[in-house]
Amino acid sequence: MQIGSVVAELLDRGILEAGECLSAGFSAEHLTGRNRLILIRTPTRTLSVKWHREPTAAAREVTALTVIGSCRPDFHVQSLVDHRADRVVLASSPGLRPVHERWRGSGPSRRRAHRLGRALASLHAVPPPEGTPWSRMPFDPSSAGEELIDASSGTREAVRRIQDDERVIDQVRELDVVLRSEGATFCHGDLRTHNVLGSSGADAALTLIDWETACAGPRSFDLGAGLAMFIEFALVAGKGAPDPVVLGAFLAGYADRAGGPVDLAVPLRCAGVRLLQTAVEYAAGTSEELEIVERFCRIGSMLLRRPGEGAVHLRLVA
Amino acid sequence: MKVLMVGSPQPGNGGSVRFHASDGRGYVDLREDQIVGRELLEDSPGRVPKWLIALPAGSDVEVGELSEDEWRGLFAVSARLVQERPSIHNSWCRQCTSYGVSHGVCCP
């Protein structure tokens, strides 16, 4: 898929104006995998053009945005510009970039982490509409099997490494049961740095994108993914463990908006599963054993099985 | 009696002694008064020493999976990590070092 042909089509359909293109930035965020996403940054707005493999996913995204937009959450909600069976075009404020780009210099700030926590809690205050699908575990090592036949050797190795530890498989199953006993909130379902956009202003609100996985599920699910975001960033940056002040600000932001403290045990276990999933994602397309994959596996496995030890290492408890 | 096979002793938390697992993964913190016997099994040059530690049956042993040093090490950059970095994210630009960018600004 060429960005040029996409832009030409948007111009033809009147979604994009020729004048906007003169000073726009075109960024291909994902060109492979489940979905494809292009961000077009003009001086007045950020357009997100997303192709879904399944039309139902596009419909889910539009439905989620409609529901959330009507509930005034503590984050910006993209507005729908165009919706076709396999593609959705959404608009949001200008100058947005995925937060991992904003964090690259000095890492995530306490203020932005607090804002993300508040944003997440405000989402979880939205009642899930009837018919919203129940959340699925981000990664189930016990069911990863036949679909791996065509996977890269790196992916197979990462999954084998996780499956070799029976304690992990047992813990994922047990966690699934625990999560089903939590009350259902409206969850984003795929919180990651790619899906959290921010602008450079100190008081700029965050924009959460990619709502096709929105689901009814336990809040621990998104909270764990949020914690995993900070851990993933620290692992890749190689500049030391996640800043406990930043993690604390994220959790405090959530607690402030939710009106009560957060019990960390289950979210930390969810963060562990999310990091195991991240390990497999990083291994995709490679034919070698990557050190970063090994690190994700070790930390993910530890958080899943031993959230108390994880909380001590992350300095979330004394 | 409980028997553990561990590596060399190191100072642990609160006056305890920390023994890392012989495969380097995980550790146990023991108080000296918990250890009723110890025997050096292997101490070959270039290899991790192996000790057998005897504890009273029913001893309350604090087991850890990652020591502080191991935890910090996982977040430290390594030569191998730097080498594989370009392949970590599929969307690192191939013509410059921008992340997730392939547009007219960096790559005309």
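Residues numbered from 1 in each chain as written. Chains lettered and ligands numbered in written order. Predicted model: local features only at pLDDT ≥ 70, side-chain atom pairs only at ≥ 80, totals over all residues. Heavy atoms only, no water.

Asker: Even after reading the chapter, I still don't get the overall build of chain A, so can you show me in this structure?
Answerer: When you go through chain A residue by residue, the secondary structure sums to 12 helices and 10 strands. Compactness check: chain A gives a C-alpha radius of gyration of 19 Å against a globular reference of 20 Å for 318 residues, within 12% of the reference. Its C-alpha atoms give chain A principal-axis dimensions of about 55 × 45 × 45 Å. Taken across its 318 residues, chain A has 58% of its residues classed as buried. Pairs at least 24 apart in sequence give 74% of the contacts found in chain A among residues at least 6 apart. For chain A, the exposed area adds up to about 13100 Å²; of that, 50% sits on carbon and sulfur atoms. (Helix = DSSP H or I, 4+ residues; strand = E, 2+ residues; numbered from the N terminus. Rg over C-alpha atoms; globule rule 2.2 N^0.38 Å. Buried < 20%, exposed > 50% of the residue type's maximum accessible area, 1.4 Å probe, protein only. Contact = heavy atoms within 4.5 Å. Areas by Shrake-Rupley, 256 points an atom, 1.4 Å probe, with all protein chains shown as cover.)

Asker: What's the story with the nonpolar core in this structure? I'm lost.
Answerer: Generally speaking, soluble globular proteins have nonpolar side chains that are buried together. Among the nonpolar cores identified, the biggest contains 82 residues, and A:Trp211, A:Phe250, A:Ile292, A:Val293 and A:Ile299 are the most heavily contacted of them. The residues contacting A:Phe250, other than those within four sequence positions of it, are A:Ala113, A:His114, A:Leu116, A:Gly117, A:Leu120, A:Leu223, A:Gly226, A:Leu227 and A:Phe230. (Core = buried A, V, L, I, M, F, W, Y, C linked by side-chain atoms within 4.5 Å.)

Asker: Got a minute to help me understand the packing of helix H10 (residues 265-283) of chain A against helix H11 (residues 291-305) of chain A in this structure?
Answerer: Each pair of packed helices can be summarised by the angle the axes make with each other and by the distance between the axes. Residue and element names in this part refer to chain A. As a packed pair, H10 and H11 sit with axes 7 Å apart at the nearest point and diverge in direction by 160°. It follows from the interaxial angle that H10 and H11 lie roughly antiparallel. Seen from above, H10 lies across H11 with left-handed handedness. Where H10 abuts H11, its residues Leu268, Arg269, Ala271, Gly272, Val273, Leu275, Leu276, Thr278, Ala279, Tyr282 and Ala283 lie against Ile292, Val293, Phe296, Cys297, Ile299, Gly300, Ser301, Leu303 and Leu304. In the contact of H10 with H11, the residues fall into 15 nonpolar, four polar and one charged. (Axes fitted to C-alpha atoms, helices over the stretch in contact; angles between N-to-C directions. Parallel < 35°, antiparallel > 145°, perpendicular 65-115°, else oblique. Left-handed = near helix turned anticlockwise from the far one by under 90°. Nonpolar A, V, L, I, M, F, W, Y, C, P; charged D, E, K, R; others polar.)

Asker: So what exactly am I meant to see when it comes to the environment of A:Gly117 here?
Answerer: Residue and element names in this part refer to chain A. Assignment of secondary structure puts glycine 117 in helix H5 (residues 110-124). On the basis of relative accessibility, which here comes to 0%, the residue glycine 117 falls in the buried class. Between the alpha carbons of glycine 117 and tyrosine 254 there is a distance of 4.1 Å; along the sequence they are 137 residues apart. Contacts of glycine 117, omitting those with residues within four sequence positions, involve Phe250, Gly253 and Tyr254.

Asker: Any chance you could explain the sheet that holds strand E6 (residues 62-64) of chain B here in plain terms?
Answerer: Residues and elements named next belong to chain B. In spatial order, the strands read E4-E5-E1-E2-E3-E6; together these six strands make up an open sheet with antiparallel pairing. The sheet terminates laterally at strand E4 (37-42) and E6, the two strands that pair on one side only. Along the sheet, successive strands turn relative to each other by an average axial angle of 40°, direction set aside. As defined by bridge partners, strand E2 (residues 17-21) adjoins strand E3 (residues 27-30) across four bridges and the pair is classed as antiparallel. Paired with phenylalanine 19 across the strands is valine 28, a residue of E3. (Pairing = 2+ DSSP bridges.)

Asker: Can you walk me through the packing of aromatic side chains in this structure?
Answerer: The description of an aromatic ring pair uses the distance of the two centres, along with the angle that the planes make with each other. Residue and element names in this part refer to chain A. Evaluation of the coordinates by the stated rule reveals six aromatic pairs over all chains. Measuring from ring centre to ring centre gives 5.4 Å for tryptophan 103 and phenylalanine 233, while their planes differ by 90°; the resulting arrangement is edge-to-face. One end of the pair, tryptophan 103, is in helix H4 (residues 99-103); the other, phenylalanine 233, is in helix H8 (residues 219-237), and 130 residues separate them in sequence. Each member of the pair tryptophan 103 and phenylalanine 233 is classed as buried. Taking 5.4 Å as the distance between ring centres and 55° as the angle between the ring planes, the aromatic pair formed by phenylalanine 230 and phenylalanine 250 counts as tilted. Here phenylalanine 230 is found in helix H8, whereas its partner phenylalanine 250 is found in helix H9 (residues 244-258), with 20 residues between them in sequence. The residues phenylalanine 230 and phenylalanine 250 share a single accessibility class, namely buried. Cluster of aromatic residues (ring-pair linked, three or more members): Trp103, Phe230, Phe233 and Phe250. (Phe/Tyr/Trp six-rings, centres within 6.5 Å; stacked < 30°, edge-to-face > 60°.)

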